[in-house]
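Working through the structure, step by step
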Amino acid sequence: MSTTEVKSPAAAVGGVRKESRQYWLRFFSNVGPLPPLLLVMVVVFALANDRFLQPDNLLSVSQQSVALLLISLGQMLVLVTGGFDLSVGATVALSSVVSATMMQKVYGGIPEFVGQSMIMGFVVCIAVGLVVGLANGLGVAFLKVNPFIVTLATATIVTGVTLVFSGGATVSGLPRDYIVGLGSGFTLGVPNLVLVALPILVIVFVLLKWTTFGRHLYAIGGNALAAKTAGIQVRRNLILTYAICAVLASIAAYLLTARSGSGQPTFGGAFALQSITAAVIGGASLQGGRGGVGGTVLGVIFIMLLGNGMNFMRLDTNMQSIALGLALVLAVLADRLRASAKARLIAKGVSS
């Protein structure tokens, strides 16, 4: 046996340590900090209050999470392209009051018009989302304006339109079947809101992972110029992405209106921050080119359980706002650390 084939104990230990470091780098770059952080949070809140993991509480959290989940899925798609949408909260508010007003007018207290009113309310809700989404997409894709400026301007305009349209008042008089059946109803022990959200979740997953459109979004987020050179219709895909994001926000508004029992012009104030936080802490990158449905779902669960656990600990809303802000800082830091971990793996020629 040649001396080159014999490794010293120190060299063997060094090789094991190197493999271990590479393993944890791969784990962190692919999974991120959210799963272990979520586990620790659940354990802490469960020990603090034994009602935290009770089925009734978890079902309530699942109902409350639906609106944020749909909005965060749309936000994640926009983040994958390298942008973000600050107008989702304003879109929710406008969609809520417009759809509620339509349902109120069509229903008019006549039981025979319940189904027709719900359908018309949903249609105008989607129409609002399409208008807002197309405005955002055209501004980003054709005017080449930064998404921050475009969506902030849209949010300001839409908020003004909402207050003018509603007069700042809530819209009541909605069909009972809509409020009780959809908003707070259950089917086989599962909230109806969750049953409505699940197919949308699957559609977004398939759209992102198994379609050409999804692959194009990752390419645009990675390098828009290279994507355009490769023949990808960057403008068209950006417009479609912002439209999908706004439509998902409008669907969330329709479900949220059913849960609250009225159209609310004040809906959606924190949705922009929460949706960005959920998507980024779930693995989406602020630089674009990365994100997924599974991570976004975990991000939403993290945010909703964080708020729910802090309620059990009787912490006020100010403390919860601080916690959410810290979560966003953590998400941004984790995003940078994951990018650094991937860069180190690539530099070492290790596949992630």
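Since the structure is predicted, the reported quantities are computational estimates derived from the model, not experimental observations. (Residues numbered from 1 in each chain as written. Predicted model: local features only at pLDDT ≥ 70, side-chain atom pairs only at ≥ 80, totals over all residues. Heavy atoms only, no water.)

**So, the overall build of the chain**
Across its full length, the chain holds 14 helices and two strands. In the chain, buried positions account for 47% of the 352 residues. Nonlocal contacts in the chain, meaning residues at least 24 apart in sequence, comprise 80% of its contacts between residues at least 6 apart. Carbon together with sulfur atoms contributes 67% to the accessible area of the chain, which is approximately 17100 Å² in total. (Helix = DSSP H or I, 4+ residues; strand = E, 2+ residues; numbered from the N terminus. Buried < 20%, exposed > 50% of the residue type's maximum accessible area, 1.4 Å probe, protein only. Contact = heavy atoms within 4.5 Å. Areas by Shrake-Rupley, 256 points an atom, 1.4 Å probe, with all protein chains shown as cover.)

**Digging into helix 11 (residues 234–260)**
For helix 11, spanning 27 residues, the distance from its first C-alpha to its last is 39 Å, which sits close to the expected 39 Å at 1.5 Å a residue. Where burial is concerned, most of helix 11 is hidden: 22 out of the 27 residues are buried. Downstream of helix 11 by one or two residues, Gly261 has phi in the positive range, about 85°. (Expected span 1.5 Å × (residues − 1).)

**Examining the environment of Ala93**
One can find Ala93 in helix 4 (residues 88–107). On the accessibility criterion, Ala93 (4% relative accessible area) is buried. In this structure the C-alpha to C-alpha distance between Ala93 and Leu256, which are 163 residues apart in sequence, comes to 9.9 Å. Each residue touching Ala93, except ones within four places of it in the same chain, is listed here: Thr162, Gln264, Pro265 and Phe267.

**A closer look at the nonpolar core**
Ranked by internal contacts, the top residues of the largest apolar core, which has 89 residues, are Leu70, Leu73, Met76, Val92, Val204, Leu255 and Phe302. Looking at which element gives the most residues to this core, the answer is helix 11, with 16 residues. Discounting residues that sit within four places of it in the chain, Val204 has contacts with Leu73, Met76, Leu77, Leu248 and Val293. (Core = buried A, V, L, I, M, F, W, Y, C linked by side-chain atoms within 4.5 Å.)

**Here we look at the packing of helix 2 (residues 34–48) against helix 13 (residues 293–312)**
In the contact formed by helix 2 and helix 13, the axes pass within 10 Å of each other and the chain directions differ by 25°. Judged by the angle between their axes, helix 2 and helix 13 are roughly parallel. Our pair here, helix 2 against helix 13, has a crossing hand that is left-handed. Side by side, helix 2 and helix 13 meet where Leu34, Pro35, Leu37, Leu38, Met41, Val42 and Phe45 of the first sit next to Gly295, Leu298, Gly299, Ile301, Phe302, Leu305, Leu306, Gly309 and Met310 of the second. The residue makeup of the contact of helix 2 with helix 13, split by class, is 13 nonpolar, three polar and no charged. (Axes fitted to C-alpha atoms, helices over the stretch in contact; angles between N-to-C directions. Parallel < 35°, antiparallel > 145°, perpendicular 65-115°, else oblique. Left-handed = near helix turned anticlockwise from the far one by under 90°. Nonpolar A, V, L, I, M, F, W, Y, C, P; charged D, E, K, R; others polar.)

**A closer look at the layout of surface pockets**
Roughly 660 Å³ of internal volume is contained in the largest pocket. Lining the largest pocket are 26 residues, with Ala270, Gln274, Ile303, Met304 and Gln320 sitting closest to its centre. For the lining of the largest pocket, the elements supplying multiple residues, two or more each, are helix 3 (55–80), helix 11, helix 12 (271–281), helix 13 and helix 14 (317–347). Broken down by class, the residue content of the lining of the largest pocket amounts to 14 nonpolar, eleven polar and one charged. Together, 17 residues line the second largest pocket, and Val140, Lys144, Ala224, Val234 and Leu238 are the ones closest to its centre. Mapped onto the lining of the second largest pocket, the elements with two or more residues apiece are helix 5 (114–141), helix 10 (224–229) and helix 11. (1 Å grid on protein atoms, 1.4 Å probe; cavity = no way out; pocket = protein on both sides within 12 Å on 5 of 7 lines; lining within 4 Å. Points joined across faces, edges and corners; volume = space filled by probe spheres on them.)

**Details of the confidence of the model for the chain**
Overall, the prediction assigns the chain a mean pLDDT of 86, with 86% of residues at 70 or greater. Element-level mean pLDDT values for the chain span from 58 in helix 1 (residues 9–31) up to 95 in helix 11. (pLDDT = per-residue confidence, 0-100.)

**Some words on helix 6 (residues 147–166)**
Helical geometry: 3.6 residues make up each α-helical turn, so side chains three or four residues apart lie on a common side. Over its 20 residues, helix 6 runs 28 Å from end to end, which matches the ideal 28 Å to within 8%, given 1.5 Å per residue. Regarding helix 6, the residues found buried are Pro147, Val150, Thr151, Thr154, Ala155, Val158, Thr162 and Ser166. For helix 6, the buried positions fall inside an angular range of 130° around the axis, keeping them on one side. Summarising the geometry of helix 6, the exposed residues directed more than 90 degrees from the buried face are Thr156, Ile157 and Val164. In the core, the buried residues of helix 6 are packed alongside helix 4, helix 5 and helix 11. The backbone nitrogen of Phe148 has a side-chain oxygen 2.7 Å away, supplied by the residue at the start of helix 6, namely Asn146. Downstream of helix 6 by a residue or two, Gly167 has a phi angle that is positive, lying close to 65°. (Arc of directions from axis to C-beta. Polar contact = N/O pair within 3.5 Å; in protein donor to acceptor, adjacent residues only side chain to side chain.)

**Observations concerning a nonpolar patch on the surface**
Taken together, the side chains of Leu130, Leu134, Leu138, Phe142, Leu143, Val145, Phe148, Ile149 and Leu152 define a hydrophobic patch exposed on the protein surface, amounting to about 780 Å² of accessible area. Elements with a minimum of two residues in the nonpolar patch: helix 5 and helix 6. Here Phe148 is to be found in helix 6. Since its relative accessible area comes to 38%, Phe148 is described here as partly exposed. (Patch = residues over 30% accessible without salt bridge, like charges linked within 9 Å, V, L, I, M, F, W, Y side chains within 5 Å. Salt bridge = Lys/Arg side-chain N within 4 Å of Asp/Glu carboxyl O.)

**Considerations on the packing of helix 4 against helix 5**
For the pair helix 4 and helix 5, the least separation of the axes is 8 Å and the interaxial angle reads 150°. One way to sum up the angle between helix 4 and helix 5 is to call them roughly antiparallel. Our pair here, helix 4 against helix 5, has a crossing hand that is right-handed. In contact with Thr91, Leu94, Ser95, Val98, Ser99, Met102, Met103, Val106 and Tyr107 of helix 4, helix 5 contributes Val114, Gln116, Ser117, Met118, Met120, Gly121, Val124, Cys125, Val128, Gly129 and Val132. Broken down by class, the residue content of the contact of helix 4 with helix 5 amounts to 13 nonpolar, seven polar and no charged.

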